[in-house]
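Below are the chains, spelled out letter by letter.
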Amino acid sequence: MQRYIIITIFLLSLILLSSCNKKEESTNQQNSSSGEFVWKESISAKDIPDAPLKGKIDGKDFNPVYTVFEQWRGSNDNVLAFSDKTPKNKCGFIENYNGYQLTKIGAEFKVGEFVKDSFVKNLEGYSADFHVTENDDMRKINAGWNAALLITEINDDVVKGKIAMCFKDEKKSWIAGKFEAIVCNN
């Protein structure tokens, strides 16, 4: 008789644990369907929220105040950068900031869609990283990344679009939303 009671308790425990995991999964699905962006291992252009730019960086809320689109003359690199600080001058250097950057090496970003759908996908000519500052010590973090970028306008003064980018770091850093970047020719 004791054997049947133990087996019954064991089976009930398994059912209970299984239902807890399903509840957690449905909560994550609700968060993403509510319009709030959530970190994802795989990404598409449909995942880009039509909302103001925000994110998480190294486990903390990230609200960018400065977005810049840099066109480098010598190397022809294009850099899209998001920072929590503004420079003293319009296109100046920023010290000790938290931020993200997506770089197209030796070529231009153009109006349209760019997608790197997974962390494992390797794309020649693109790089992404983020910077974290603690106690005036800035660290550059390179980790697996994915991104969906939609550029809707590029002119001499501004670049407009939307982005969703996630990093495979321990704290699941990400940035997502609409942006308007000033253009800086360096």
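Residues numbered from 1 in each chain as written. Predicted model: local features only at pLDDT ≥ 70, side-chain atom pairs only at ≥ 80, totals over all residues. Heavy atoms only, no water.

Trainee: I'd like a description of the side chain of lysine 104, backed by residues and values.
Mentor: In this fold, lysine 104 is placed in strand S5 (residues 99-104). No salt bridge is formed by the buried lysine 104; its nearest oppositely charged neighbour, glutamate 108, is found at 8.2 Å. With near-sequence residues (within four places) excluded, lysine 104 lies in contact with Asn76, Asp77, Asn78, Phe109, Gly125 and Tyr126. (Helix = DSSP H or I, 4+ residues; strand = E, 2+ residues; numbered from the N terminus. Buried < 20%, exposed > 50% of the residue type's maximum accessible area, 1.4 Å probe, protein only. Lys, Arg positive; Asp, Glu negative; His and termini not counted. Salt bridge = Lys/Arg side-chain N within 4 Å of Asp/Glu carboxyl O. Contact = heavy atoms within 4.5 Å.)

Trainee: Please provide a residue-by-residue account of the pairing of strand S10 (residues 158-167), values included.
Mentor: The element S10 is extensively covered by neighbouring structure, given that 9 of its 10 residues are classed as buried. Between strand S9 (residues 145-154) and S10, which pair antiparallel in sequence order, lie 3 residues. In the sheet, S10 pairs with strand S11 (residues 174-185) via 9 bridges, with the strands oriented antiparallel. The residue bridging valine 159 from the neighbouring strand is alanine 181, located in S11. (Pairing = 2+ DSSP bridges.)

Trainee: I'd like to hear about the packing of aromatic side chains, residue by residue, with values.
Mentor: Counted according to the given criterion, the structure contains 10 aromatic pairs. Aromatic pair tyrosine 100 and phenylalanine 130: ring centres 5.6 Å apart, planes at 40 degrees, arrangement tilted. Here the residue tyrosine 100 occupies a position in strand S5, and phenylalanine 130 occupies one in strand S7 (residues 126-134), the gap between them amounting to 30 residues. Tyrosine 100 sits in the buried class, given a relative accessible area of 1%. For phenylalanine 130, a relative accessible area of 0% corresponds to the buried category. Ring geometry for phenylalanine 114 and tyrosine 126: centres 4.4 Å apart, planes at 20 degrees, overall stacked. Residue phenylalanine 114 is found in strand S6 (residues 112-116), and its partner tyrosine 126 is found in strand S7; the two are separated by 12 residues along the sequence. (Phe/Tyr/Trp six-rings, centres within 6.5 Å; stacked < 30°, edge-to-face > 60°.)

Trainee: Describe in detail the environment of phenylalanine 69, supporting the description with residues and values.
Mentor: Following the sequence through the fold, phenylalanine 69 ends up in strand S3 (residues 66-71). On the accessibility criterion, phenylalanine 69 (1% relative accessible area) is buried. C-alpha of phenylalanine 69 to C-alpha of alanine 81: the two residues are 12 residues apart in sequence and 6.5 Å apart in space. In this structure phenylalanine 69 touches Asn78, Val79, Leu80, Phe109, Val159, Ala181, Ile182, Val183 and Cys184, once residues within four positions along its chain are discounted.

Trainee: Describe in detail the environment of lysine 140, supporting the description with residues and values.
Mentor: If you trace the backbone, lysine 140 turns up in strand S8 (residues 137-141). Separated by 40 residues in sequence, lysine 140 and tyrosine 100 place their C-alpha atoms 9.6 Å apart. Those residues in contact with lysine 140 that lie beyond four places of it in its chain are Asp129, Phe130 and His131.

Trainee: Outline the side chain of threonine 103, listing residues and values.
Mentor: Its place among the elements puts threonine 103 in strand S5. A relative accessible area of 8% places threonine 103 in the buried class. Discounting residues that sit within four places of it in the chain, threonine 103 has contacts with Asp77, Asn78, Val79, Phe109, Gly125, Tyr126 and Ser127.

Trainee: I'd like a rundown of the state of the cysteines, residues and numbers included.
Mentor: Within the structure shown, the criterion is met by 1 disulfide. Across a sulfur-sulfur distance of 1.9 Å, cysteine 91 and cysteine 184 are joined as a disulfide pair. The sign of the S-S torsion, about -85 degrees, decides the handedness of the disulfide formed by cysteine 91 and cysteine 184: left-handed. In this pair, cysteine 91 is assigned in the loop between strand S4 (78-83) and S5 and cysteine 184 in strand S11, connecting sequence segments 93 residues apart. Residue classification places cysteine 91 among the partly exposed residues on the basis of a relative accessible area of 33%. (Disulfide = S-S within 2.5 Å.)

Trainee: Kindly report on the pairing of S11, identifying the contributing residues and their values.
Mentor: Where strand S1 (residues 54-57) lies against S11, 3 bridges are found, and the strand directions are antiparallel. In the sheet register, glycine 55 faces S11, and the bridge partner there is isoleucine 175. Sheet topology note: the S3/S11 ladder contains 4 bridges and is parallel. Within S11, the residue paired with phenylalanine 69 across the bridge is valine 183.

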